[in-house]
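Chain and residue survey
The residues making up each chain are set out below.
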Amino acid sequence: MTDNMKEQLLKKTKQGKLLTLILLLYGLVVTLIIFLSISGERVEWLHWLAPFTIASMPIRYYMHPAVVFIPLAVLALVGWLLLHKGQLFGREIIIGCMIVYLALNLFFTPFYMLLVSTSQKIDYVGQILGLSLCGTIYPVLVLIALHRWNPRRK
């Protein structure tokens, strides 16, 4: 490899590492704000930016969704820290967390779309699609940033 190619590879690696960290911090901060806000001061508009809104709806029937999504966000960040310290299994932790986000979102979005399609209000369809948008895009962006970082590269 030439020096120019190595320099470009190093730049790409740093960008991917930073972008992955920013996205994981975004997920953690949004999760903490939503679940730890005082119930009188709820920030309903923030649910449109959360990566778990659709998936948290059915979980609310069994337990508080914070029990699932705060550890998931923290675990993804711990995976990044492990990866940053050279432990390559941190990558699998991040990938696993993003697969859980994506799988829950892709499973429950059609379910809720079916439910709202039977209602008389067409607005509900747009709301479900809007709430599931971030839940679909967020894990994909994290996985793309992780691929750009490519921590297995020697």
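Note that the coordinates shown come from a computational prediction; the quantities given were computed from them, not determined experimentally.

What about the overall build of the protein chain?
Across its full length, the protein chain holds five helices and zero strands. From first element to last, N terminus to C terminus, the protein chain shows the α and β order α-α-α-α-α. Along the first, second and third principal axes, the C-alpha set of the protein chain runs to 65 × 30 × 25 Å. Per-residue burial over the protein chain gives 38% buried out of 154 residues. In the protein chain, of all internal contacts separated by at least 6 residues, the share reaching a separation of at least 24 is 71%. As displayed, the protein chain offers around 9,400 Å² of accessible surface, 70% of which is attributable to carbon and sulfur atoms. Side-chain charges in the protein chain split into 14 positive and 6 negative, and the spacing between the mean points of these groups amounts to 10 Å.

Some details on helix H4 (residues 89-117)
Taking 1.5 Å of rise per residue, 29 residues should cover 42 Å, and H4 covers 42 Å from first to last C-alpha, within 8% of that figure. Where H4 is concerned, the buried positions are Gly90, Arg91, Ile94, Cys97, Met98, Tyr101, Asn105, Phe108, Thr109, Tyr112 and Val116. Contacts made by the buried residues of H4 are with helix H1 (3-36), helix H2 (53-59), helix H3 (66-84) and helix H5 (123-149).

Focus: H1
With 34 residues, H1 should reach 50 Å at 1.5 Å per residue; the first-to-last C-alpha distance of 49 Å fits that figure. Listed in full, the buried residues belonging to H1 are Thr13, Gly16, Thr20, Leu23, Leu24, Gly27, Leu28, Val30, Thr31, Ile34 and Phe35. Its buried side turned inward, H1 meets H3, H4 and H5.

A word on the side chain of Asn105
Tracing the chain through its elements places Asn105 in helix H4. With a relative accessible area of 2%, Asn105 lands in the buried category. Setting aside anything within four residues of it in sequence, one finds Asn105 in contact with Ile54, Pro110, Ser132, Gly135 and Thr136.

A closer look at the packing of H1 against H3
In the contact formed by H1 and H3, the axes pass within 10 Å of each other and the chain directions differ by 160°. What the angle tells us is that H1 and H3 run roughly antiparallel. When the axes of H1 and H3 are compared, the crossing they make is left-handed. In this structure, H1 contributes Lys17, Thr20, Leu21, Leu24, Leu25, Gly27, Leu28, Thr31, Leu32 and Phe35 to the contact, and H3 contributes Ala66, Phe69, Ile70, Ala73, Val74, Ala76, Leu77, Trp80 and His84. In the contact of H1 with H3, the residues fall into 14 nonpolar, four polar and one charged.

Remarks on the nonpolar core
In globular proteins that are soluble, nonpolar side chains generally tend to be buried together. Membership of the largest hydrophobic core comes to 37 residues, with the highest contact counts inside it found for Leu24, Phe69, Ile94, Met98, Tyr101 and Tyr138. Every element with two or more residues in this core is listed here: H1, H2, H3, H4 and H5. With residues near it in sequence (within four places) discarded, Tyr101 still touches Thr31, Pro51, Phe52, Phe69, Leu72, Ala73, Gly135, Tyr138 and Pro139.

Quick look at the confidence of the model for the protein chain
When pLDDT is averaged along the protein chain, the result is 88; 95% of the residues meet or exceed 70. Mean pLDDT values for the elements of the protein chain range from 88 in H2 up to 95 in H3.

Quick look at the packing of aromatic side chains
Applying the stated criterion across every chain yields a total of eight aromatic pairs. Taking the centre distance of 4.9 Å and the plane angle of 20° together, the rings of Phe52 and Phe69 count as stacked. Placement of the pair is Phe52 in the loop between H1 and H2 and Phe69 in helix H3, with a sequence separation of 17 residues. Here Phe52 and Phe69 have matching classes, each one buried. For the pair Trp80 and Trp149, a centre-to-centre distance of 5.9 Å together with 45° between the ring planes defines the contact as tilted. Taken as a pair, Trp80 in helix H3 and Trp149 in helix H5 lie far apart in primary sequence, 69 residues in all. A relative accessible area of 8% places Trp80 in the buried class. According to the relative accessible area criterion, Trp149 is buried, its value standing at 5%. Site record: aromatic cluster; members linked through ring pairs are Tyr26, Phe35, Phe52, Phe69, Tyr101 and Tyr138.

Parameters at a glance
- Residues numbered from 1 in each chain as written.
- Predicted model: local features only at pLDDT ≥ 70, side-chain atom pairs only at ≥ 80, totals over all residues.
- Heavy atoms only, no water.
- Helix = DSSP H or I, 4+ residues; strand = E, 2+ residues; numbered from the N terminus.
- Buried < 20%, exposed > 50% of the residue type's maximum accessible area, 1.4 Å probe, protein only.
- Contact = heavy atoms within 4.5 Å.
- Areas by Shrake-Rupley, 256 points an atom, 1.4 Å probe, with all protein chains shown as cover.
- Lys, Arg positive; Asp, Glu negative; His and termini not counted.
- Charge placed at Lys NZ, Arg CZ, Asp CG, Glu CD.
- Expected span 1.5 Å × (residues − 1).
- Axes fitted to C-alpha atoms, helices over the stretch in contact; angles between N-to-C directions.
- Parallel < 35°, antiparallel > 145°, perpendicular 65-115°, else oblique.
- Left-handed = near helix turned anticlockwise from the far one by under 90°.
- Nonpolar A, V, L, I, M, F, W, Y, C, P; charged D, E, K, R; others polar.
- Core = buried A, V, L, I, M, F, W, Y, C linked by side-chain atoms within 4.5 Å.
- pLDDT = per-residue confidence, 0-100.
- Phe/Tyr/Trp six-rings, centres within 6.5 Å; stacked < 30°, edge-to-face > 60°.

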